[in-house]
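Coordinate analysis (summary)
Residue strings, one per chain:
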Amino acid sequence: MSFVLLLQLVGEATGQTLLMLLLSTLCSLALGFPLGVLLCVTDPALGIAPRPLAHQLLTRLVNTLRSFPFIILMILLFPLARWLVGTSIGTVATVVPLAIAAAPFVARIIETALQEVDRGVIQAARAMGSSNWQIVRKVLLPEAWPALVSGITLTIINLIGYSAMAGAIGGGGLGDLAIRYGYQRFRPEVMAAAVLVILLLVELIQFIGSRLSAAFLSRR
Amino acid sequence: MRITLKNLSRTYSPPQQTRIQAVRAVSLDIPSGSIYGIIGKSGAGKSTLLRLLSLLEKPDAGALYYAEQRVDDLPPRELIARRRRNGLIFQNFCLFASRTARENIAYPLEICGRSRGAIQERTAELLELVGLAGRGDAPISALSGGQKQRVAIARALANEPAILFCDEATSALDPQTTRDILDLIRRIKQKMQLTVVLITHQMEVVRDICEYVAVLDNGSIVETGRVQDIFVRPQAQITRDFLAHLTAGPAAPRAGSFVRWSAEGGQYTLRFVGAQTGEPLMSELVRRYPVSFNIRAGGIQYLPEQDIGTLVTDLTGEPEAVAQAIEFLRNSGVIVEESV
Ligand SMILES: Nc1ncnc2c1ncn2[C@@H]1O[C@H](COP(=O)(O)OP(=O)(O)OP(=O)(O)O)[C@@H](O)[C@H]1O
Ligand SMILES: [Mg+2]
């Protein structure tokens, strides 16, 4: 295989992976972020707006979804993808199971980041007459911001792994490329190139995430 | 604003643990414009009581009044509005790490929906008031403990509260900074006509700033009164313990390391009020009666209105002589307490 062709293949797959990552990150945050905030806010132990029953239910839901093996969740969610985007194969269709699989993970990460916020500070905000919404928006989120950035970074890195798997069952991208060429057609150089790009992506995202988080912390 | 507590109680029932009666039927009358101290040991229920007073928690029983209005059963909307007119400061400051000093002070104004211009003006005023003009843009982590508490005070005052609640506000500070912060509280109390409720475990703080004090023990009030009177005639044992601690100070010998002259003779706490502080009463005592005394600890407390001298001593001699000596002291106006 010529170098140019290899570049072309890898380039195209990288584009697909990036698209998958971007969409699934946005969608999983859209689903998981509010869920994480709700988990934290309803927690009786934190006492912002304690709702023991709702908290229990949400925790169960998140735990159940989290304990599902991703590949099985994907297969179960194919019909949903077909219903939502009209097809169950292709890069965009893969985003549906990816986002749903990652959402409970995001929820937990967000919840953990928010739990780190000093309880005394939350209590002070409440004593000053903050509404629950003000506590979330003006206290919890800004105070937890560096931890949230770290958590989101971790989410994206996890999604790279997930998207590689998703690619293998019809989503395209680097994972798909590595398996089709490297495994099924015995083209180790393609597989090596795909893996290399994945590694670089992980490194790059981790680097940017750490830098951002540190930058927010250093301003305090 | 006058604060009245009628039989306030608060019980915690943590799951799988025994119930804790943190506050038991506490009744107090906190006069408007006063600095009212609530003193108690760790776990006495001080913070819980303050959470009830500042409307952070609802009591299980009893009633709470601000001026003449009952406030412990307000509906949510009014509760939030009411909280916005209270100021609160804490031992560990509880400032927002994500905000600068000025932005911290701006918070209570923001949640009330004040305009940008008004916030700018008010925060500048408050920074000036607490002596932090020029440090407004500092991140919280760059400030010293005393400066942090000043920011916290400014934040508490932003919405011109009628009441300032302080939960161990000086416990994390060194003695000099403690004095500075207490001075600041006294100054702003005058200026803004605040009622200050101050919780502490340090008698020094009560002595230096409070007009009234309530002693809390195991969730109940065991003694209340003007600080002046409590210092001169403490009734409850726990109050005496607080005063003894104050008298002894960290440098004085502890009671256990003391060598008695004889097995007989009790241990007495003598309190000299006002002018007596300067009289040679003890020399007079040994000249008149065949007794000896040994000083365990002593000191003078400078209260706003008069000084109180305290001497913890042993009197030894024939029981009759000791009794006469004590009689003499009492007749001279000294308050003699026999320690158990
Ligand atoms: N949220 C809570 N849940 C269960 N128990 C509590 C809670 N808050 C306080 N308590 C208990 O109530 C009692 C009084 O606590 P509180 O914090 O009011 O004491 P304190 O006088 O402020 O003590 P310290 O000087 O150590 O701050 C303690 O036994 C404490 O364990
Ligand atoms: Mg406390």
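The shown structure was predicted, so the numbers you read here are calculated from the model rather than taken from an experiment.

1. Description of the overall build of chain A
If you tally the helices and strands in chain A, you get eight helices and zero strands. Of the regular secondary structure in chain A, the N- to C-terminal order runs α-α-α-α-α-α-α-α. Going through the 220 residues of chain A one by one, you find that 50% of them count as buried. Sequence separation of at least 24 residues holds for 73% of the intrachain contacts in chain A that already meet a minimum separation of 6. By element, 70% of the accessible surface of chain A is carried by carbon and sulfur atoms, the whole surface being about 10,800 Å². Here chain A holds 15 positive side-chain charges and 9 negative ones, and the gap between their average locations is 6 Å.

2. Here we look at the site of ligand 1
Residues and elements named next belong to chain B. In the vicinity of ligand 1 there are 14 residues, among which Ser42, Gly43, Lys46, Ser47 and Thr48 approach most closely. Separating an oxygen atom of ligand 1 from a backbone N or O atom of glycine 43 is a distance of 2.8 Å. The protein chains hide 62% of the 630 Å² of surface that ligand 1 would expose on its own. Of all the elements in the fold, those that place two or more residues in the shell around ligand 1 are strand 2 (20–30) and helix 1 (46–53). The leading source of residues in the shell around ligand 1 is helix 1, at four residues.

3. Comments concerning empty space enclosed by the protein
Taken as a whole, this structure holds three cavities of 30 Å³ or more when the rule is applied. Space inside the largest cavity adds up to approximately 90 Å³. Looking at the largest cavity, the residues that line it are Ala124(A), Met128(A), Arg83(B), Arg84(B), Asn86(B), Gly87(B), Leu88(B), Phe90(B), Pro108(B), Arg155(B), Ala156(B) and Asn159(B). Counting residues per element, the lining of the largest cavity draws most heavily on strand 6 (residues 86–90) of chain B, at four residues. Of the residues contributing to the lining of the largest cavity, the split by class is six nonpolar, three polar and three charged.

4. Considering the sheet that holds strand 12 (residues 291–302) of chain B
All names here are of chain B. An order of 12-13-11-14 is seen for the four strands of this open sheet, with the pairing classed as antiparallel. The sheet is open, and its two edges are formed by strand 12 and strand 14 (335–338), each paired on a single side. Averaged over all adjacent pairs, the angle separating strand axes in this sheet is 20 degrees, with direction ignored. For strand 11 (residues 267–273) and strand 14, the ladder comprises four bridges, and the chain directions are antiparallel. Of the residues in strand 14, the one forming a bridge with leucine 270 is valine 336. On top of the sheet, helix 10 (residues 281–288) reaches strand 11, strand 12 and strand 13 (307–317); it is set at about 165 degrees to strand 12, its chief contact. This element, helix 11 (residues 319–331), spans strand 11, strand 12, strand 13 and strand 14 of the sheet and lies at about 165 degrees to strand 13.

5. Section: the layout of surface pockets
In this structure, the largest pocket encloses a volume near 710 Å³. Around the largest pocket sit 25 residues that line it, and Leu46(A), Gly47(A), Arg10(B), Arg51(B) and Glu57(B) are the ones nearest its centre. Taken together, the elements giving at least two residues each to the lining of the largest pocket come down to helix 5 (119–127) of chain A together with strand 1 (3–12), helix 1 and helix 2 (76–83) of chain B. Ranked by residues supplied to the lining of the largest pocket, first place goes to helix 5 of chain A with five residues. Of the residues in the lining of the largest pocket, the class split is 14 nonpolar, three polar and eight charged.

Here is what the cut-offs are and how they apply
- Residues numbered from 1 in each chain as written.
- Chains lettered and ligands numbered in written order.
- Predicted model: local features only at pLDDT ≥ 70, side-chain atom pairs only at ≥ 80, totals over all residues.
- Heavy atoms only, no water.
- Helix = DSSP H or I, 4+ residues; strand = E, 2+ residues; numbered from the N terminus.
- Buried < 20%, exposed > 50% of the residue type's maximum accessible area, 1.4 Å probe, protein only.
- Contact = heavy atoms within 4.5 Å.
- Areas by Shrake-Rupley, 256 points an atom, 1.4 Å probe, with all protein chains shown as cover.
- Lys, Arg positive; Asp, Glu negative; His and termini not counted.
- Charge placed at Lys NZ, Arg CZ, Asp CG, Glu CD.
- Near = heavy atom within 4 Å.
- Polar contact = N/O pair within 3.5 Å; in protein donor to acceptor, adjacent residues only side chain to side chain.
- 1 Å grid on protein atoms, 1.4 Å probe; cavity = no way out; pocket = protein on both sides within 12 Å on 5 of 7 lines; lining within 4 Å.
- Points joined across faces, edges and corners; volume = space filled by probe spheres on them.
- Nonpolar A, V, L, I, M, F, W, Y, C, P; charged D, E, K, R; others polar.
- Pairing = 2+ DSSP bridges.
- Axes fitted to C-alpha atoms, helices over the stretch in contact; angles between N-to-C directions.

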